[in-house]
Amino acid sequence: MFNSLSDRLAATFKNLKGKGRLSEADIDATAREIRRALLDADVAVPVVREFISHIKERALGEEVSQALNPGQQVVKIVNEELVAILGGETRRLNLAKNPPTVIMLVGLQGAGKTTLAGKLSKHLKEQGHTPMLVAADLQRPNAVKQLQVNGERAGVPVYAPHPGVSSEFEDATGDPVQVARDGVAEAKAKYNDIVIVDTAGRLGMDAELMQQAANIRAAVQPDEVLFVLDAMIGQDAVATAQAFNEGVGFTGVVLSKLDGDARGGAALSVRSVTGKPVMFASTGENLSDFEVFHPDRMASRILD
Ligand code: GDP
């Protein structure tokens, strides 16, 4: 991830090395190269436009610090602007005053929701919480089983449709809204302080999927709705994020498959396009391949 973008930015900055003072033409040329590098990394066009305009404005307007040469000053500005488009501060989970905190996961099928449910529950357990998983993805035949396996690996209980009627659910005739509601009630009764509700996704966007997720949201009133976004889907990421933001609404984003060789555009665009912070990153198929998302660390990685 970001390899090509990192290389391109490094090459751009190299050209500034040794320059005494940057002329307006130098800054224009640098901005053009950064613009091209971002567009080639699939960053959304409006996001690139704003980013470049900030860079130019600041590079032209700011007093050059005594401690930095002009090239370093540009790197510093780019770094700060990257942190800003990645969301600035790290956003922590919003915990309910009266437990359980309800976290609902939404996203396309294959985005990595079920995997993330396991990872997030493991992370929260390690932090001293007592999470429970709820299997409200009744669309995909294997999803309930997969969540149970992940729960077992994480050492976290899973509320699933009753085993006696599981075949009914596998035919998607069960009611995911009821399962979600019952799951939250179960967590409350068992004193689990966080409940993570896994929901169904489809291969493409469709109205029924959105409606089902919206109904679950209305029924369980989650404290957080996390939109799981596959970073590998490139330019489609922005449209997908917008559709979920309008159809269901979400409070935060999880970027999944950041271990892949995607160019990084989704990661850099999603915050600006939706106004919602990236909170976690999923970086592999194992339960431990999980990180709290820190905009400053991500920016440093890109500029390393
Ligand atoms: P869901 O349909 O949204 O629940 O998606 P799944 O959790 O079933 O994930 C779909 C596929 O992506 C599975 O094969 C996962 O092992 C894989 N996967 C999920 N997260 C990651 C990740 O961060 N990196 C990689 N490389 N694969 C992932």
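Everything numeric in this text was worked out from a predicted model, so none of it was measured.

1. With respect to the overall build of the chain
A count of helices and strands for the chain gives twelve helices and eight strands. Over its C-alpha atoms, taken along the principal directions, the chain stretches across nearly 75 × 40 × 30 Å. Out of the 304 residues belonging to the chain, those deemed buried represent 51%. When contacts within the chain are restricted to residue pairs at least 6 apart in sequence, long-range pairs at least 24 apart make up 77% of them. Surface summary for the chain: the accessible area is close to 14,200 Å², and the carbon and sulfur share equals 46%. Distance from the positive charge centre (33 side chains) to the negative charge centre (39 side chains) of the chain: 3 Å.

2. Some thoughts on the pattern of salt bridges
Under the criterion given, the structure shown has ten salt bridges. Close ionic contact of K190 with E186 constitutes a salt bridge, the shortest N to O distance being 2.6 Å. According to the relative accessible area criterion, K190 is exposed, its value standing at 54%. Close ionic contact of D230 with K257 constitutes a salt bridge, the shortest N to O distance being 3.3 Å. Of this pair, D230 sits in strand β5 (residues 224-230) while K257 sits in the loop between β6 (252-256) and α11 (265-274), and the two are 27 residues apart along the sequence.

3. What about the side chain of H123?
Tracing the chain through its elements places H123 in helix α5 (residues 113-126). Taking the relative accessible area as the measure of exposure, H123 reaches 15% and is therefore buried. Setting aside its immediate chain neighbours within four residues, H123 contacts F280, F290 and V292.

4. Here's the deal with the site of the ligand
Not every one of the 17 residues close to the ligand is listed here, only the nearest: G110, K113, T114, T115 and E285. At a separation of 3.3 Å, an oxygen atom of the ligand approaches a polar backbone atom of A111. In this structure, an oxygen atom belonging to the ligand sits 3.0 Å away from a side-chain N or O atom of Q146. Contact with the protein chains hides 80% of the accessible area of the ligand, taken as 580 Å² for the molecule alone. Examining the composition of the shell around the ligand, we find that four residues originate from one element, α5, more than from any other. Of the residues that constitute the shell around the ligand, the class distribution is two nonpolar, nine polar and six charged.

5. A short note on the sheet that holds strand β7 (residues 278-282)
Reading across the sheet, the eight strands line up as β3-β2-β4-β1-β5-β6-β7-β8 and stay open at both edges, with mixed pairing between neighbours. At either end of the open sheet lies a strand with only one pairing partner, and these are β3 (158-159) and β8 (290-292). Direction of pairing for β5 relative to β6: parallel, over a ladder of five bridges. Its bridge partner being in β6, V228 is matched across the sheet by V254. Where helix α8 (residues 176-189) meets the sheet, it contacts β1 (101-106), β2 (131-136), β3 and β4 (194-199), and its direction lies at approximately 165° from that of β2.

6. A look at the UniProt feature "domain: SRP54-type proteins GTP-binding" (unreviewed entry) in the chain
As annotated in UniProt, the feature "domain: SRP54-type proteins GTP-binding" (unreviewed entry) corresponds to residues 277-290 in the numbering used here. Secondary structure content for residues 277-290 is 0% helix and 43% strand, while the C-alpha to C-alpha distance between its ends is 17 Å.

7. As for the packing of aromatic side chains
Applying the stated criterion to the full structure yields three aromatic pairs. Over the ring of F250 we find K276; its NZ or CZ atom is 5.5 Å from the centre of that ring.

8. Focus on the pairing of β7
It is a general feature of regular strands that their side chains alternate between the two faces of the sheet. Judged by how many residues are buried, β7 sits mostly within the fold: five of five residues are covered. Sheet topology places β6 next to β7; three bridges connect them, and they run parallel. When the sheet's bridge partners are listed, V254 is paired in β7 with F280. In this fold, β6 hands off to α11, which returns the chain to β7; that crossover is right-handed. Of the strand pairs in this sheet, β7 and β8 are connected by three bridges, and their pairing is antiparallel. When the sheet's bridge partners are listed, A281 is paired in β8 with E291.

9. A look at a positive patch on the surface
A cluster of basic residues, R32, R35, R36 and R49, forms a positive patch on the protein surface. Broken down by element, the positive patch gets its largest block of residues, three residues, from helix α2 (residues 24-40). Counting through the fold element by element, R32 comes out in helix α2. For R32, a relative accessible area of 46% puts it in the partly exposed group.

10. What to know about the packing of helix α3 (residues 45-61) against helix α4 (residues 70-85)
One can describe the packing of α3 onto α4 by two numbers: an axis separation of 10 Å at closest approach and a directional angle of 145°. Read as a crossing pair, α3 and α4 show a hand that is right-handed. Side by side, α3 and α4 meet where V47, F51, H54, I55, R58 and A59 of the first sit next to I77, V78, E80, E81, L82 and I85 of the second. Residues belonging to the contact of α3 with α4 are distributed by class as follows: eight nonpolar, one polar and three charged.

Thresholds applied
- Residues numbered from 1 in each chain as written.
- Predicted model: local features only at pLDDT ≥ 70, side-chain atom pairs only at ≥ 80, totals over all residues.
- Heavy atoms only, no water.
- Helix = DSSP H or I, 4+ residues; strand = E, 2+ residues; numbered from the N terminus.
- Buried < 20%, exposed > 50% of the residue type's maximum accessible area, 1.4 Å probe, protein only.
- Contact = heavy atoms within 4.5 Å.
- Areas by Shrake-Rupley, 256 points an atom, 1.4 Å probe, with all protein chains shown as cover.
- Lys, Arg positive; Asp, Glu negative; His and termini not counted.
- Charge placed at Lys NZ, Arg CZ, Asp CG, Glu CD.
- Salt bridge = Lys/Arg side-chain N within 4 Å of Asp/Glu carboxyl O.
- Near = heavy atom within 4 Å.
- Polar contact = N/O pair within 3.5 Å; in protein donor to acceptor, adjacent residues only side chain to side chain.
- Nonpolar A, V, L, I, M, F, W, Y, C, P; charged D, E, K, R; others polar.
- Pairing = 2+ DSSP bridges.
- Axes fitted to C-alpha atoms, helices over the stretch in contact; angles between N-to-C directions.
- UniProt positions renumbered as here; feature names shortened; annotations may be inferred.
- Phe/Tyr/Trp six-rings, centres within 6.5 Å; stacked < 30°, edge-to-face > 60°.
- Lys NZ or Arg CZ within 6 Å of the ring centre and 35° of its normal.
- Right-handed = clockwise from strand over helix to strand, strands pointing away.
- Patch = residues over 30% accessible without salt bridge, like charges linked within 9 Å, V, L, I, M, F, W, Y side chains within 5 Å.
- Left-handed = near helix turned anticlockwise from the far one by under 90°.

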